[in-house]
Structures are given as structure tokens and as C-alpha cells.
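The residues making up each chain are set out below.
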Amino acid sequence: LGELDQAEASLRRALAIKERAHGIDHPELIATLTNLGGILHVEGKHDVDIEYLRRAWELADRSLARDSPLRAEPLLGLARQELEHGHAATALPLAEKALGMLEAIGSPTDRLGLTRLTVSRAVAAAEPSQRDRAITLAEQVLEELPAGRDAKSDSVRSLAQAWLDELRRRDPPR
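Report follows, based on the coordinates. Bear in mind the structure is a predicted one, so any value in this text is a computation, not a measurement. In this numbering scheme, every chain counts its residues from 1 along its sequence in written order. Since the coordinates come from a predicted model, pLDDT governs what is reported: local features require at least 70, and pairs of side-chain atoms require 80 or more to be given and counted, while whole-chain, interface and lining totals use all residues. The side-chain quantities take in all heavy atoms of the structure and omit both hydrogens and water.

With that settled, consider the packing of helix H2 (residues 30–42) against helix H4 (residues 72–84). Following both chains from N to C, one finds H2 and H4 inclined at 15 degrees, their axes separated by 10 Å at the closest point. As judged from the angle between their axes, H2 and H4 are roughly parallel. Seen from above, H2 lies across H4 with left-handed handedness. Of H4, the residues touching H2 (which contributes Ile-30, Thr-34, Gly-37, Gly-38 and His-41) are Pro-74, Gln-81 and Glu-84. Following the grouping adopted for this structure description, the nonpolar residues are Ala, Val, Leu, Ile, Met, Phe, Trp, Tyr, Cys and Pro, the charged ones are Asp, Glu, Lys and Arg, and the polar ones are all others, Gly among them. Residue composition of the contact of H2 with H4, by class: two nonpolar, five polar and one charged. The convention used is that axes are lines fitted to C-alpha atoms, helices contributing only their stretch in contact, and that angles between N-to-C directions extend from 0 to 180 degrees. Note on conventions: DSSP H or I runs of at least 4 residues are helices, E runs of at least 2 residues are strands, and numbering of each starts at the N terminus. What sets the label is the angle itself: under 35 degrees gives roughly parallel, over 145 gives roughly antiparallel, 65 to 115 gives roughly perpendicular, and the rest give oblique. Should the near helix be turned anticlockwise from the far one by less than a right angle, the crossing is termed left-handed; should it be turned clockwise, right-handed. Throughout, a residue-residue contact means that at least one pair of heavy atoms, one from each residue, lies within 4.5 Å.

Once their charged atoms are close, side chains differing in charge can pair, the charge on each being opposite to the other. The working definition used for a salt bridge is a side-chain nitrogen of Lys or Arg within 4 Å of a carboxyl oxygen of Asp or Glu. Enumeration according to the criterion identifies 19 salt bridges in this entry. One salt bridge connects Arg-71 with Asp-61, and the closest N-O pair in it is separated by 2.5 Å. Remark: Asp-61 occurs in helix H3 (residues 49–63) and Arg-71 occurs in the loop between H3 and H4; sequence separation between them is ten residues. Three exposure classes are used, based on accessible area relative to the maximum for each residue type with a 1.4 Å probe and protein chains only: buried under 20%, partly exposed in between, and exposed over 50%. With relative accessibility at 25%, the residue Asp-61 sits in the partly exposed group. The residue Arg-131 makes a salt bridge to Asp-132 at a minimum N-O spacing of 3.6 Å. The exposure class of Arg-131 is buried, given its relative accessible area of 13%. A relative accessible area of 55% means that Asp-132 is categorised as exposed.

In short, shape yes, function no, at least from these values alone.
The structure is reproduced here in C-alpha cells:
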């Protein structure tokens, strides 16, 4: 078995153990469901990856406190997968909701930055006429994260700059 196959098998075993120990609706399952959805996506198993992420989000929404930062993670993962599956119109409201949740709880700026980039990508794909909004979101990431703050922030800044460059190349301003 390859590394991804091993990771999938391990996550499936962990999920089965947690379901037996806690039941199928326990918050303890959220991270495992989210990670399994991500691995399945990387493996190209697009017929099932979103279902695990959807289940993780529904469970998080029902069982976690409204101010829990963990509540937004499966929703953001679901938005990203929908976007990668070409469902930008479905991804956009999910990403916007995740961003609103993270803003409301004062999430760290690097986390907000990654979420803003997801919203920006969804806006650009779902609503091409909203190119300026997509650019503004990417620029906001660069403004909020000072260069050289730490490796994580620099990585997010790099992603934001690359996305901004791509947006400007796609359809230069008139």
C-alpha cells in the first residue's frame, strides 16, 4: 500500500473505533471525518470525499459551541472541495459563512487569510463580474499579514500574492 492508502485505512479504522466508542454523532468524530475527506480528495475519490466533509460540517454545526474555532474547519474544507470539484456557486456561501464565523471569534490572522483566499477564489469562479471583490480580498490578506512575521504568515502571504498575480493576469484592468 502507498502512503495515501495507508493514511486512508488508518483514518477509516480510527473512525470505526470512535463510532463504536462514542456513537455516530459525537464531536470526537469531526477531525477524523474532515481528515478522511481530505485524503479521499487527494486520492481522487471525488465520489465520496465531499460526503465525509459534509458529515463533519453537519456534526460540528450541531454539536460545537458557536464560538468554537473548530466549527469552521469542516465547513471551510467542504467549501474548498466544492470549489475544486468545480461547484463554485455552492462553495461561495460556505466559504463566506466560514469566514464570518472565524471573524466573529477573532481567529488568528493567518487563518483568516487562508479563509479570505478561499472566498476570493470562489468569488472569481462563481461570479466573474466580481473580479474586483476577489482582488480586494486577496489584497486584504497582504495588508493584514506583515511580511517576516513568521513562517506561517509568510506562507499565506506568498499564496495571496500568487493568487493576486493570477487574477491580474487573467483579466487585466481596463
